[in-house]
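These are the residues of each chain, in order.
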Amino acid sequence: MAITVRRDILVGLPLNDLVAYLEDFSRTEEWDPGTVRCVRVGEGPVQQGATWQNTSRFRGRTSDLLYRLVSKEPDRLLFVGENKTVTATDDLSFRARSATTTLLTYTASLRFKGWARLATPFLRPEFDRLADAVADRLPSAATVHRG
């Protein structure tokens, strides 16, 4: 059983600019209030297989996940993070609304492992609040970064 949330977020950037901003997962520090730190592992261009070490805070506890860019397409990015207790997926789909505006569909899911699965039903409200905070923060973070 996974917790999945989805938000449609309108961002004042052209599609290619928004994809370029979000493909570098270390920028989650700017737009995801749950991310404490996120650092790229390795060098070179961001491409499928690139990895990041992410430290997140959820319900007052920090955890480290190794995220990997599983899929990189012109209109979709898929990141999967994992540690011994959870698999986290961030699926970002993009659709141009105009030359300067993009609709981002942000779908995030958490699948807990082992005993942690028992907490899944109780974590949904907090995960929803976090998704709302991402939806509030991401548009300005992306446009400020472009500046």
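Here, the structure is the one placed above.
Before going into details, it helps to say that this report is about the structure given with it.

## Thoughts on the pairing of strand S4 (residues 61-73)
- Pairing analysis gives eight bridges linking strand S3 (residues 51-58) to S4, with the strands arranged antiparallel. Bridging from a neighbouring strand, Thr55 pairs with Asp64 of S4.
- Hairpin connection, S3 to S4: the antiparallel pair is bridged by two residues, and Arg59 has positive phi, about 55 degrees.
- Both S4 and strand S5 (residues 76-82) contribute to a ladder of seven bridges, which runs antiparallel. Bridging from a neighbouring strand, Ser71 pairs with Leu78 of S5.

## What about the side chain of Arg7?
- Following the sequence through the fold, Arg7 ends up in strand S1 (residues 2-11).
- A distance of 2.8 Å separates a polar atom in the side chain of Arg7 from a polar atom in the side chain of Asp132.
- The residues contacting Arg7, other than those within four sequence positions of it, are Leu104, Thr105, Tyr106, Asp128, Ala131, Asp132 and Ala135.

Rules behind the numbers
- Residues numbered from 1 in each chain as written.
- Predicted model: local features only at pLDDT ≥ 70, side-chain atom pairs only at ≥ 80, totals over all residues.
- Heavy atoms only, no water.
- Pairing = 2+ DSSP bridges.
- Helix = DSSP H or I, 4+ residues; strand = E, 2+ residues; numbered from the N terminus.
- Polar contact = N/O pair within 3.5 Å; in protein donor to acceptor, adjacent residues only side chain to side chain.
- Contact = heavy atoms within 4.5 Å.

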